Amino acid sequence: MLSFAIGLYILRRTRSALGMGISLVTGPIVSLCITPFVGYAVDTYSHKKIMIASQLGTIVSLLLFALFFIEFPNIYFVELGDIDYVACSF
């Protein structure tokens, strides 16, 4: 569902059906390429360590988002308005 929303966002911003199609095709291809490695890691390593690493990754990404938001708040609100417009247009 998220990949479809991202595709609609790309279509709205670029008016390019090709760009939307590329975004919809690349998502499953990336998932297919990453799945064997993630499966191996989950089967091999401690689940506790994997959960801690994923939570640390989430924390770091949220901190980076917060720093970006503090530095460039106008960009975020413009994009948020566009996403809201796309979501409400259907």
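Up top you'll find the structure we're talking about.
Attention in this report is confined to the structure presented alongside it.

Cut-off values and rules
- The residue numbering used here restarts from 1 in each chain and proceeds along that chain's sequence as written.
- Given that this is a predicted model, residues contribute local features only at a pLDDT of at least 70 and side-chain atom pairs are listed and counted only at 80 or more, while totals for whole chains, interfaces and linings are drawn from all residues.
- Heavy atoms from the whole structure form the basis of all side-chain values; hydrogens and water molecules are not counted.
- A run of H or I in DSSP counts as a helix once it spans at least four residues, and a run of E counts as a strand once it spans at least two, with each numbered from the N terminus.
- Only residues above 30% relative accessible area that lack a salt bridge enter a patch, with like-charged residues linked at up to 9 Å and the nonpolar side chains Val, Leu, Ile, Met, Phe, Trp and Tyr linked at up to 5 Å.
- To measure how exposed things are, a 1.4 Å probe is used in the Shrake-Rupley method; for residues, cover is taken only from the protein chains shown.
- Any carboxyl oxygen of Asp or Glu that lies within 4 Å of a side-chain nitrogen of Lys or Arg is treated as forming a salt bridge with it.
- Residue exposure (1.4 Å probe, protein chains only): buried if accessible area is under 20% of the type maximum, exposed if over 50%, otherwise partly exposed.
- Working convention: axes come from line fits to C-alpha atoms, limited for helices to the stretch in contact. Angles between N-to-C directions cover 0 to 180 degrees.
- An angle below 35 degrees is read as roughly parallel, one above 145 as roughly antiparallel, one from 65 to 115 as roughly perpendicular, and any other as oblique.
- Left-handed is the label given to a crossing in which the near helix is rotated counterclockwise from the far helix by less than a right angle, and right-handed is the label when the rotation is clockwise.
- Whether two residues are in contact is decided by their heavy atoms: any pair within 4.5 Å suffices.
- Residues are grouped as follows: nonpolar covers Ala, Val, Leu, Ile, Met, Phe, Trp, Tyr, Cys and Pro; charged covers Asp, Glu, Lys and Arg; every other residue, Gly included, is treated as polar.

Topic: unusual backbone geometry
The phi torsion at Arg-15 lies on the positive side, around 55°, for a residue other than glycine. Note that Arg-15 resides in the loop between helix H1 (2–14) and helix H2 (17–44).

A few points about a nonpolar patch on the surface
On the surface, Val-30, Ile-34, Val-38 and Val-42 cluster together to form a nonpolar patch covering roughly 300 Å² of accessible area. On the secondary structure map, Ile-34 appears in helix H2. For Ile-34, a relative accessible area of 44% gives the class partly exposed.

Structural notes on the packing of H1 against H2
Relative orientation and spacing of two packed helices are given, respectively, by the angle between their axes and the distance between those axes. Two numbers describe how H1 lies on H2: the axes approach to 8 Å, and their chain directions differ by 160°. One element, H1, and the other, H2, form an angle in the roughly antiparallel class. Crossing geometry of H1 relative to H2 is assigned as right-handed. Every residue of H2 that contacts H1 at Ser-3, Phe-4, Gly-7, Leu-8, Ile-10 and Leu-11 is listed here: Ala-17, Gly-19, Met-20, Ser-23 and Leu-24. Taken together, the residues of the contact of H1 with H2 sort by class into seven nonpolar, four polar and no charged.

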